[in-house]
Amino acid sequence: MLKSSMRFILLSGFVFLSFYSLAQKISGTVFNTKGDLLPYASVTIKGTSVGASANNRAKFSFNVAAGTYTIVCQHIGYTKQEKTVTVKQDDIGVPDLQIAFVLTEQKLDLKEVIVKSGGEDPAYAIIRQAIKKRNYYNKQVNAFECDLYAKDLIKLRSLPRKIMGQKIPDGDRSEMGLDSSGQGIIYLSESVAKVHTKQPDKFKMEVLSSRVSGSGGFGFTFPTFISLYTNNVKVFTEKLNPRGFVSPIADGAIGFYKYKFLGSFFEDGKEVNSIRVTPRRNYEPLFSGVIYITEGDWRIHSCDLKLTKTSQLEILDTLQLTQFYVPVGNDVWRVKNQLLHFNFKLIGIDAIGNFVNVYSNYVINPSFSKKYFDNVIIKYDTAVNKKPKEYWDTIRPVPLEPEEKKDYEVKDSMYLLQKDSLLSKRSVDSLNKKQGKIKVLDIFWTGLNRRHYTKTGSTTWGVESLIKNLEYNTVEGVVLNTNIYYNRYLKKLKSNFSIKPHVRYGFSNTHLNAWADLSFSTRDWSSDKKIKRQSWSLSGGKRVSQFNKESTITPLNNSITTLLWGDNFLKIYENYFGSVGFNKRYESGLRFSVNALYEDRIPVENTSKFTIFKKDSVNITPNYPYERIAQQFSRHQAVILSFDVSIKPGQKYIEFPGNKVAIGSKYPTFSLNYTKGIENIFGSDVNFDKWKFTVSDTKNFKLAGELKYKIGVGGFLNNKKVFIQDFQHFNGNRSTAASEYVNSFQLASYYANSTAADFYSIVHLEHHLNGLLTNKIPMFKKLNWNLVVGGNAFYVNKNSNYAEVFMGLENIFKILRVDFVTAYENGKKGTTGIRIGFGGIIGSSIKPGAGGRGVSLGL
């Protein structure tokens, strides 16, 4: 395998060296008049968009064919400099042609500027003109394409020995490439891509080559374009600020920013105005810095802007955006170089990053085939990560710095060594040995998580923590759950096989329940490069289930409320069961599943009344939905067949060489469920037909916040024989811990309104203001806690309906959310309460109940 790899590298290197023997490399360094380096200067061949960006050490390089060229060097705050060079045919292949640029500080002309006392700064007149032209330049061309080179670097300046009490092993620090002080490059990648866009919103990027230090991965190439010609500017990801950031030349920008005219200078006969941009108020999503606007045509020439915590920037501490624009033909200017510099400090981690984009070879209004823009917006070439070192040494327009060269050399050598020896017996033994010996005591707290390597693949297996899965309820008393898993890829079947045995024992009622779940998951990709994922599932045994199988009650919450106050909200029954299911997902966004279930349902009663504070156990209620039925149900059997179909139209994808990843759609998700209870099969006693249709989505209104909603209708077409387990239940919540947002009713009873009616409707609405309003409150705005408002409601009939409204704060310490809720039941005001859950930049990704395993109760 090593010989094969070397043969490929040598052959590829020869091809690329042969091709680039027709080109000469021009290299150089950029200084100021004091001899200081000017990092990330823009270097361009005049009259084209071809060129380079200087690196952090102010060095640049790029290739040219024989000819005479005027090389233009620019840097924010300095006068542009031009130099003419001639490359002869005899020079091709000789050492690099060296050029040094020495830039003088930009002298801004203020002699014609007169600002009367109390008068308006001249910058405002310039900005008003730029605002008028903003939309024109945003839509100036119908389509364009260009080449993109991107280099992304993230470097640690400090990494503590422990993070939140968890020690970082020396081996892990070494693998990351860190030195003894916790410093070093942790991510370095380069990408070469072709970008295509068309009005109004068509986009496609073809990643031709990509390189990640010490990895065979594909890296990430984003953000492709950051445009200040849009009213709302998105930088990186919405996680940095879901509201986006207001452009300094947005339609209403003068209400957000203060402007100061710093002066002007002339470049190629065109006057360029320098304007300082300052937010009118802190804790608004606004930039600060300098923007350069050309006189007369009022277009952006360049910019140097910054975002900080007072800009409502999340996660990062600061982010700096630098852009240079160049003419690309027909009075069209586009970004030539773009630099994003950021830093991050949290819990002892100190990191910085530089993401450099160099754009070239713009083609304005190219013609595209009718179906060119499809649902794949980023496509990686099949050989994207196969290019040799020689290719990168000749194509990159931003020279590597010494530490970057070393990072590639060390990490790539280690990666190739590991790759070539991956299937050797020695490597397999080493990987297995690295996990250490099995420690039996781990099963109690951390659990066992093992991976067994072989020459043909690997197998994962483990046992979940026994202590973390302990429960308490009034039926079983203390509950011991033993959950085991085993996963293996079956190469012949091209499927992932998984088996999960479960054993559950209640110490009070001495009942033992055991069941197992099996699944086969297959992804068909090779036939037509389209997503067609499918899976089969098979389950059976004896288990414990909640009456509402979609209940938001978690075993952890129920254990706490029962032990402390005797509030045994969890209502369960035992059942011998068997089920088989099939689901399939298509690239169109369509998913469907079918499931057949048999249950022999057995009622169980309370056997424990132990509580800590309520010694008389006055709060303990019967173990059945006493709010809806007068007595415990009788044992019966049920055969149920259910169908689910959902679709999210317009799904967009990133296509990698071996798979596709969905990245969302602007349309909502439509879901339909049909469930039938079938009588007289295997002794089944049920006979019903019910349906449910829902529409759900999340809409980001940028500065106005984000709306999440779920609207649904449903009912029973036939309710001849319906037991309480098969009613339509509305997910209530009586715990102070919030239940799942946009899917439950925070103050509603768990079963009081369960129904077998022919029609019902539900509505969940939630609006996240993401800093709107709270950023106006003195002192409080520094906390960056955000308002959230909304409501939940369902309607069955005039005697069974419910509505609640809430207002709360989220992003508390980035993770918590607290709501005040007021409920109205059957048209009358009911209760009020406080609900505490997860919400915010980090908390929004945590689902209620995620802290405890065994939540499903064998559902």
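Values in this document were obtained by computation on a predicted structure and should not be read as measured data.

A. Structural detail: the packing of aromatic side chains. As enumerated under the stated definition, the model contains 39 aromatic pairs in all. Considering the side-chain rings of Phe-342 and Phe-355, the 5.5 Å spacing of their centres and the 75 degrees angle between planes classify their relative orientation as edge-to-face. Of this pair, Phe-342 sits in strand S20 (residues 332-346) while Phe-355 sits in strand S21 (residues 349-364), placing them 13 residues apart in sequence. Taken as a pair, Phe-342 and Phe-355 share a single burial class, namely buried. Every member of this aromatic cluster is reached through a ring pair, and the members are Phe-730, Phe-745, Tyr-760, Phe-794 and Tyr-802. Sitting above the plane of the Tyr-391 ring, Lys-387 keeps its charged end 5.7 Å from the centroid.

B. Region of the structure containing the pattern of salt bridges. Inspection of every chain in the model, using the stated rule, returns 39 salt bridges. With a closest N to O distance of 3.1 Å, Glu-284 and Lys-776 form a salt bridge. Placement of Glu-284 in the loop between strand S16 (270-279) and strand S17 (288-294) and of Lys-776 in the loop between strand S38 (760-768) and strand S39 (786-797) is noted, with a sequence separation of 492 residues between them. Residue classification places Glu-284 among the buried residues on the basis of a relative accessible area of 4%. Under the relative-accessibility criterion, Lys-776 is labelled partly exposed at 43%. When the shortest N-O distance is used, the salt bridge between Lys-814 and Glu-314 registers 2.7 Å.

C. Examining the sheet that holds strand S3 (residues 51-53) more closely. The strand order across the open sheet formed by four strands is S3-S2-S5-S6, and the pairing between neighbours is antiparallel. Pairing within the sheet leaves two strands with one partner each, and these edge strands are S3 and strand S6 (81-87). Adjacent strand axes in the sheet meet at a mean angle of 20 degrees when their direction is disregarded. Inspection of the sheet shows strand S5 (residues 67-74) paired to S6 by seven bridges, in the antiparallel sense. The residue bridging Thr-68 from the neighbouring strand is Thr-86, located in S6.

D. Focus on helix H2 (residues 123-138). Here H2 spans 22 Å end to end across 16 residues, near enough to the 22 Å set by a 1.5 Å rise per residue. Lys-132 marks the point of greatest bend in H2, at about 35 degrees. Here H2 has its buried residues at Ala-123, Tyr-124, Ile-126, Ile-127, Ala-130, Ile-131, Arg-134 and Tyr-137. Check the buried side of H2 and you find it contacts strand S15 (257-267), S16, S17 and S20.

E. A look at the sheet that holds strand S4 (residues 59-64). Spatial ordering of the open sheet is given by S4-S1-S7, a layout of three strands whose pairing is mixed. Every interior strand has two partners, whereas the edge strands, S4 and strand S7 (97-103), have only one. On average, each strand axis in the sheet is inclined to that of its neighbour by 25 degrees, with strand direction left out of account. Summarising the sheet, strand S1 (residues 24-32) and S4 pair through six bridges and their orientation is antiparallel. Bridge assignment links Gly-28 to a residue of S4, and that residue is Phe-60.

Conventions adopted
Residues numbered from 1 in each chain as written. Predicted model: local features only at pLDDT ≥ 70, side-chain atom pairs only at ≥ 80, totals over all residues. Heavy atoms only, no water. Phe/Tyr/Trp six-rings, centres within 6.5 Å; stacked < 30°, edge-to-face > 60°. Helix = DSSP H or I, 4+ residues; strand = E, 2+ residues; numbered from the N terminus. Buried < 20%, exposed > 50% of the residue type's maximum accessible area, 1.4 Å probe, protein only. Lys NZ or Arg CZ within 6 Å of the ring centre and 35° of its normal. Salt bridge = Lys/Arg side-chain N within 4 Å of Asp/Glu carboxyl O. Pairing = 2+ DSSP bridges. Axes fitted to C-alpha atoms, helices over the stretch in contact; angles between N-to-C directions. Expected span 1.5 Å × (residues − 1). Bend = angle between axes of the 7 residues up to and from the residue. Contact = heavy atoms within 4.5 Å.

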